[in-house]
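Each chain is listed here by its residues.
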Amino acid sequence: MRTETPPPVRLAEYRPFPFRIEQVRMLFQLEPADTHVVSELTIRRTGDADAPLRLDGEKLTLKAIRINGQPLTDQEYAIEPEGLVIFKPGDVFTLEIETDISPEANTELSGLYISSNRFCTQCEAEGFRRITYYPDRPDVLAPFFVRIEADKAKCPYLLSNGNPTGSGDLGNGRHFAEWTDPHPKPSYLFALVGGEFDVLQDNFTTFSGKPVKLSIFVEQGDAPRAEYAMRSLKAAMSWDEDVFGREYDLDVFQIVAVRDFNFGAMENKGLNIFNSAYVLADGKTATDTDFEAIESIVAHEYFHNWTGNRITCRDWFQLCLKEGLTVYRDQEFTKAMRSPAVARIKEVIRLRTRQFPEDAGPLAHAVRPNTYARIDNLYTATVYEKGAELIRMLRLIVGDEAFFAGMNRYFDTFDGTAATIEDFIAAFQASTDQDLSAFALWYAQAGTPAVRAKGDYNPSERTWRLTLTQTVQPTPGQPDKSPVRIPIRVALFDVNGAKMETRIGDAPPSHEHVVLLEKSSMQFTFGDAASEPRPSLNRGFSAPIRLADDLTESDRASLAGFDDDPFAQWEALQTIARALILDAVRGGAREPDQARLNSFVQALRHSVTRAAQSDAAYAALLLYLPTVGELILDVRDADPSAIHVVRQHVRRAIARALEDLLLSVLDKTEPVAFDSSARAAGRRSLRASALSLLSSLGDRHEGL
Ligand code: SER
Ligand code: ZN
């Protein structure tokens, strides 16, 4: 047993693999305890003439090894703790390797394993090396041909990546299936499934008229519960065509649901494998949140077909290249399918509750780190969620036109390759005058920037000056931070709630601006400001920062009543609610200050009345008060019960002030038949908020 910790892997030590795998042919003879795997690799040397061939391997029993049909002697290769090395393999050759593995003994759910009597795989990040000896790294891409043989009764379905190109009977109760994947892919995208399933089928025609057969494989009797996932898949396929111009590229697209799965789901080429929790849903057992998660995860894995599979990562340090970008894409899809206001706010809540603590703690790391101890440690909210925010900022900085031009250039230039963040950014640099090298620092520097904003109005010059200052606290291994390029969306409102049209420098007048804070401190002067404005800053949460501004609470409350940016409006109300409750708790009071509470409730009434007409899900979110659990994070040594008492008081005040509104929400009867649409879900969530608030008034609404 090896006990020492392996040395960390470093980005700076990346070296290309000195061979190209031109073709992979594999044979699987499936047996639970003893699966026989034959791989035949056509290999060409591309690097150093003396380089030995090193293959990764783990928990494998080597049965045979041949080059160009000749078995290797013991002197020609060696088995090492982490794989196998062939000292002088030659320059162009065919390598055949036969291994035995035991899927039923594989309890780590990495490689080939068994879940409820079905064979399935998970190869990201390093599972393929538990199937056969192979260069198990994302920058080695090859086309795969796979033949699977198995017991016909136990495994009527035999699936792998690509298109089905053969099947037949083998006699003795066994059969086979063959799959050809013409798209070169790294081993982490390999997948194989064998077993008995119920199948839900459908069809999709791509924008160039190509038919695609869609199948979702689930346990017996579950097919009807996969219908929502199927609908989500078709919506995702259309959306990727409409918005990113990306067309699907195989004859079939398959999703398999299994019970035992470490990740939520996995984007294997043409054969996505899911934890069944993210496939199965029906009106009787699933919540609206379940439906939303299915829609988003099905889309996420599908979108990987281009961002991850057609273009993959050169090494695992570049994980955000596929994950950050794909999360960004699934987030935009959710906004197209549901309330964009609610979707954005939920993204921010998620970022703040999952990623900000990472950035602030001992595990803080950059979106693209330059060293890792264990690869599993890289699948973090920073890589995924903050990675998505960086794409969103990039789009805001370069503008929509340059963003989509850059995306197209990225797809055209790097299709079929394993790319880096530098490649990605270069694709956009060609379409914009903005210097993106400064933006790239976001990928390398960990930590959440803290930004302070201060406004000064000059009535005689009719100017409003915004001073922005940024700091980033040191994080482990990065004691000195540099300023990053922060795009902040700004709108100014006058005292009557009208959006002001102002100018920055020589730019044409506008109701909204994006200022770029790229130094530690900068000032921006807004001209043509006829009266003292109330600024709405970081609208839409345009940058993943902690922002502190100098608005008074009453200005914030009146701004919240009319701000037309849903995130900014929600944020303002949350900020006030938080301060209101916590100030009372700190002062030892059981109730918040009455005047402050009144102005908060008034702002809430304004905003909720407007939202309830147009976007019920958003109205529900506006009514959401930070929970005791969230509030307690903001105070030292707080007594949760004291927070609870004040919070309840605020809830009752809201319920009393909005009683008519809340009752009218309940008056609208729900349709009898369940409807899983986003609109219906929004109505349900507003109803639930209304009920919950009204119930705080006690017996007055008993029996609701
Ligand atoms: N690559 C998988 C996914 O993003 C596992 O994280 O869905
Ligand atoms: Zn992903």
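Residues numbered from 1 in each chain as written. Chains lettered and ligands numbered in written order. Predicted model: local features only at pLDDT ≥ 70, side-chain atom pairs only at ≥ 80, totals over all residues. Heavy atoms only, no water.

## Regarding the pairing of strand 16 (residues 192–195)
Here strand 16 shows two buried faces, one formed by Leu192 and Gly194 and the other by Val193 and Gly195. Of the pairings in the sheet, the one linking strand 13 (residues 157–160) to strand 16 comprises four bridges and is antiparallel in character. Within strand 16, the residue paired with Tyr157 across the bridge is Gly195. (Buried < 20%, exposed > 50% of the residue type's maximum accessible area, 1.4 Å probe, protein only. Helix = DSSP H or I, 4+ residues; strand = E, 2+ residues; numbered from the N terminus. Pairing = 2+ DSSP bridges.)

## Examining the sheet that holds strand 7 (residues 77–80)
Strand pairing in a sheet is mediated by backbone hydrogen bonds. Such pairs are either parallel or antiparallel. If you trace the three strands from one edge of the open sheet to the other, you get 4-8-7, paired in antiparallel fashion. Of all strands in the sheet, those bounded by a partner on one side alone are strand 4 (53–56) and strand 7. Pairwise comparison of adjacent strand axes, ignoring direction, gives a mean angle of 15 degrees for this sheet. As judged from the four bridges shared by strand 4 and strand 8 (residues 83–86), these two strands associate in the antiparallel manner. (Axes fitted to C-alpha atoms, helices over the stretch in contact; angles between N-to-C directions.)

## Details of the environment of Leu189
One can find Leu189 in the loop between strand 15 (174–185) and strand 16. For the pair Leu189 and Gly308, spaced 119 residues apart in the sequence, the C-alpha separation amounts to 9.3 Å. If we ignore the near neighbours within four places in the chain, the residues touching Leu189 are Asn161, Met266, Glu267, Asn268, Lys269, Gly308 and Asn309. (Contact = heavy atoms within 4.5 Å.)

## A few points about the coordination of the zinc ion (ligand 2)
The protein atoms that coordinate the zinc ion (ligand 2) are His300 (NE2), His304 (NE2), Glu323 (OE) and Glu323 (OE), at distances of 2.0 to 2.8 Å. Here the donor residues of the zinc ion (ligand 2) are spaced in sequence according to H-x3-H-x18-E. Of the two residues, His304 is situated in the loop between helix 2 (288–303) and strand 22 (311–313) and Glu323 in helix 3 (residues 319–337); the sequence distance between them amounts to 19 residues. In this structure, His304 and Glu323 share a single accessibility class: buried. (Donors = N, O, S within 2.8 Å, 3.2 Å for Na, K, Ca; no water.)

## So, the site of ligand 1
What surrounds ligand 1 is the set Glu124, Phe263, Ala265, Met266, Glu267, His300, Glu301, His304, Lys322, Glu323, Tyr379 and Tyr384. Contact distances for ligand 1 include 3.5 Å between an oxygen atom and a side-chain N or O atom of His304. Contacts to ligand 1 include Glu323, whose side-chain N or O atom sits 2.9 Å from an oxygen atom. Contact with the protein chains hides 92% of the accessible area of ligand 1, taken as 230 Å² for the molecule alone. Where the shell around ligand 1 is concerned, the elements lending two or more residues are strand 20 (265–266), helix 2 and helix 3. A breakdown of the residues in the shell around ligand 1 according to their chemical character gives five nonpolar, two polar and five charged. (Near = heavy atom within 4 Å. Polar contact = N/O pair within 3.5 Å; in protein donor to acceptor, adjacent residues only side chain to side chain. Areas by Shrake-Rupley, 256 points an atom, 1.4 Å probe, with all protein chains shown as cover. Nonpolar A, V, L, I, M, F, W, Y, C, P; charged D, E, K, R; others polar.)

## Here we look at the nonpolar core
In globular proteins that are soluble, nonpolar side chains generally tend to be buried together. Judged by nonpolar contacts, the single largest core of 159 residues is most densely connected at Leu95, Tyr410 and Phe424. Setting aside anything within four residues of it in sequence, one finds Phe424 in contact with Leu321, Leu325, Ile391, Leu394, Met407, Tyr410 and Tyr443. Listed in part, the 56 residues of the second largest apolar core include Ala557, Phe567, Ala616 and Ala653. (Core = buried A, V, L, I, M, F, W, Y, C linked by side-chain atoms within 4.5 Å.)

## Some details on the sheet that holds strand 21 (residues 271–275)
Taken in spatial order, the five strands line up as 17-18-19-21-20 in an open sheet, and their pairing is mixed. Every other strand in the sheet has two partners, leaving strand 17 (198–205) and strand 20 as the edge strands with one partner each. Lying over the sheet, helix 1 (residues 227–244) contacts strand 17, strand 18 (211–218) and strand 19 (252–258), oriented at roughly 25 degrees with respect to strand 17. Its contacts with the sheet put helix 2 on strand 19, strand 20 and strand 21, and the angle it makes with strand 21 is roughly 150 degrees.

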